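Given next are the chains, with one letter for each unit.
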Amino acid sequence: MKNVKILLIDDERRLSDSIKEFLESQEYTVDQAFNFNDALMKASVYDYNCILLDLMLPGGNGLDILRAIRKRHDNTGVIIISAKDSLDDKLSGLEIGADDYLPKPFALPELSMRIYALIRRLEFNVDNTITAGCVTIDLPQKCAQVNHQPLDLTRSEYNLLLFFVTNRHKVLSKAAIAEHLSGEMADMMDSYDFIYSHIKNLKAKLKAAGLSKCIRTVYGMGYQWEE
Amino acid sequence: MKERTLAHKLMARFAICLMAMLVLSIPLLYYITVRYYAEDLIELVSKYGIHDPQIDLEEDTFTGLLIQLSSIVIVITLSVLIIMRWVPQRLWRSFRRTLHELSTFKVESGVVPQLPTTDITEFRQLNDTLTRIMTDSVRSYKVQKEFTENASHELQTPLAIAQVKLDNLMQDETLTERQASEIQQVYNELRHMSQLSRNLLLLSKIENNQFKEKTSIVVADEINALLPHLETIAGDIRIQLLDDSHNTAIACNHVLLGSMLTNLVVNAVRHNKPNGLIHIHLTPNELTVANTSDDPPLDPAHIFSRFYRTPHNQKSNGLGLAIVKSICDYHQWTITYHHTQALHQFTVRMR
């Protein structure tokens, strides 16, 4: 994917800058908007592949921006990022045409993975595969191959592999991995140790397919995909 | 007790009282008739010494009296019936309209119904009071709702900022192992703080009745949707699901049901033992989640209290079961805890 442009609409500058920093390190081009009018102007004048939309904005409701985007474009992905933990907003957001909803606080690798998956979905409908080194992931089929050898992965292992590959070279914290694998259940657990066995199994399967040392343990923090 | 309209009851009581009073007044009427109307005739008979007269005054008086009385009773009863049939209907019309408007009132819709204007003082006062109460509750509901949503926003935003800063910091390749480990711990604390604030807000939202919307939900589907995530966190714990519910649907709030199920199953994982077992049994009316554990039986009187921690468990935020209980109360379900056959069992009766 080349030159993916993202519009980040969030009034919280400190948050916005950090998200921008992370996404730019993944070769995305990120524009920021900090208030309603600015956001509405940018969303209606420029073309973006993906818009990250906070709902509580000075000067207006983010849902109105979503309406304006949906009137104009059909091919812009919209992910609502909101700290307002309100089901009404989630439902009306998805109803108006948001593609995804990510409640704050979220882990940046999780956001990055959702953006990646969304853009792939919008651009490649049928032949949607990701290649990372000798690993190929078929998104619609939810299966993976190493050197054209199919891997027999569990659901968790597949999700884990996809999370690693879409965040290659990034250090992924145990918490981010745990939440990615099991949603809100992860935070109810006393520790994130349950991810060990999934990572161990995935490593073993990759190794059996001839791919070792691609998942590196970063001591004290988490894991990292290296090619 | 049999329920009747106000007009009907009024009419019935009026008729019964009328009858009773008329019956009671028979001696009085008899006395009046004999002493005043028939007095002269009786005097004449005794004065002129008419013995054994062909006229039977006593009996005639009595019969006449009865005829008079019954015609009065019939006329009055008929009038009462006719008047009561129509007059209160018209008088109570604005009251019934008020009742109808009230029945459509829902505080979460935020709309105060327009009560009808009336020229009856009591009804006008009633309508004024009701309008004031409804306006107040709509306003305080809105304030509460906004407060919890804003509180959520205000709490989650700093947590979100801190978390993304750490996400970026973690990518720094020059970090030492010790720094990395410290960052990881701060990160985990942030996640727990965020979880804690979400849980507290959920509890306060349940108490403020902010989950009004109920839909018909097949509980078995919800449990099946949770299973993949549950299996991910369960590790070597076996999960058995016995579904005898025949896809029975239950009217409940979707968000709350999801939260209750998640809390129950995660609880069963957290307190389990290595190579343990989770047994979920669903019937049309009941859900039982049972788990093996090395912990001794819990105290049923306290396990559902907020921030309750057993000596064996100091790690959790102590809100999971309080949320489950609160959701059960909200739906008027009952939850019970048993410790049998070395299993900790939670049973929710959903009807």
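Not measured: the values here are computed from a predicted model. (Residues numbered from 1 in each chain as written. Chains lettered and ligands numbered in written order. Predicted model: local features only at pLDDT ≥ 70, side-chain atom pairs only at ≥ 80, totals over all residues.)

**Some remarks on the interface of chain B and chain A**
Point 1. At the junction of the two partners, chain B supplies 40 residues and chain A supplies 39 residues.
Point 2. Those elements that place two or more of their residues in the side of chain B that touches chain A are α6 (121-169), α7 (177-207), α8 (219-234) and α9 (254-270) of chain B.
Point 3. Ranked by the residues each element gives to the side of chain B that touches chain A, the list is headed by α6(B), at 13 residues. (Contact = placed C-beta atoms within 7 Å. Helix = DSSP H or I, 4+ residues; strand = E, 2+ residues; numbered from the N terminus.)

**Thoughts on the sheet that holds strand β12 (residues 171-173) of chain A**
Strands pair in a sheet through their backbones, by hydrogen bonds, and they do so in one of two ways: parallel or antiparallel.
All names here are of chain A.
Point 1. Pairing within the open sheet is antiparallel, and its three strands lie in the order β12-β14-β13. Unpaired on one side and paired on the other, β12 and β13 (215-218) mark the two borders of the sheet. Shown here is a sheet whose adjacent strand axes are inclined to one another by a mean of 35 degrees, direction ignored.
Point 2. Where β12 meets strand β14 (residues 222-225), three bridges bridge the pair, whose relative direction is antiparallel. Residue pairing in the sheet places L172 in a bridge with Y223 of β14. (Pairing = 2+ DSSP bridges. Axes fitted to C-alpha atoms, helices over the stretch in contact; angles between N-to-C directions.)

**Here's the deal with the domain arrangement of chain B**
All names here are of chain B.
Point 1. Segmenting chain B into domains produces domain 1 (6-91), domain 2 (106-210) and domain 3 (215-349).
Point 2. Using only C-alpha atoms to locate each centre, domain 2 and domain 3 end up separated by 26 Å.
Point 3. Facing the seven residues of domain 2 at the interface are nine residues of domain 3.
Point 4. Tallied by class, the residues present in the side of domain 2 that touches domain 3 amount to four nonpolar, three polar and no charged. (Domains from an automatic or database assignment. Nonpolar A, V, L, I, M, F, W, Y, C, P; charged D, E, K, R; others polar.)

**What to know about the UniProt feature "transmembrane region" (unreviewed entry) in chain B**
Residue and element names in this part refer to chain B.
Point 1. With numbering aligned to this structure, UniProt lists the feature "transmembrane region" (unreviewed entry) at residues 12-32 and 65-87.
Point 2. With 95% helix and 0% strand, residues 12-32 has its two end C-alpha atoms placed 30 Å apart.
Point 3. Helix makes up 100% of residues 65-87 and strand 0%. Its end C-alpha atoms lie 32 Å apart. (UniProt positions renumbered as here; feature names shortened; annotations may be inferred.)

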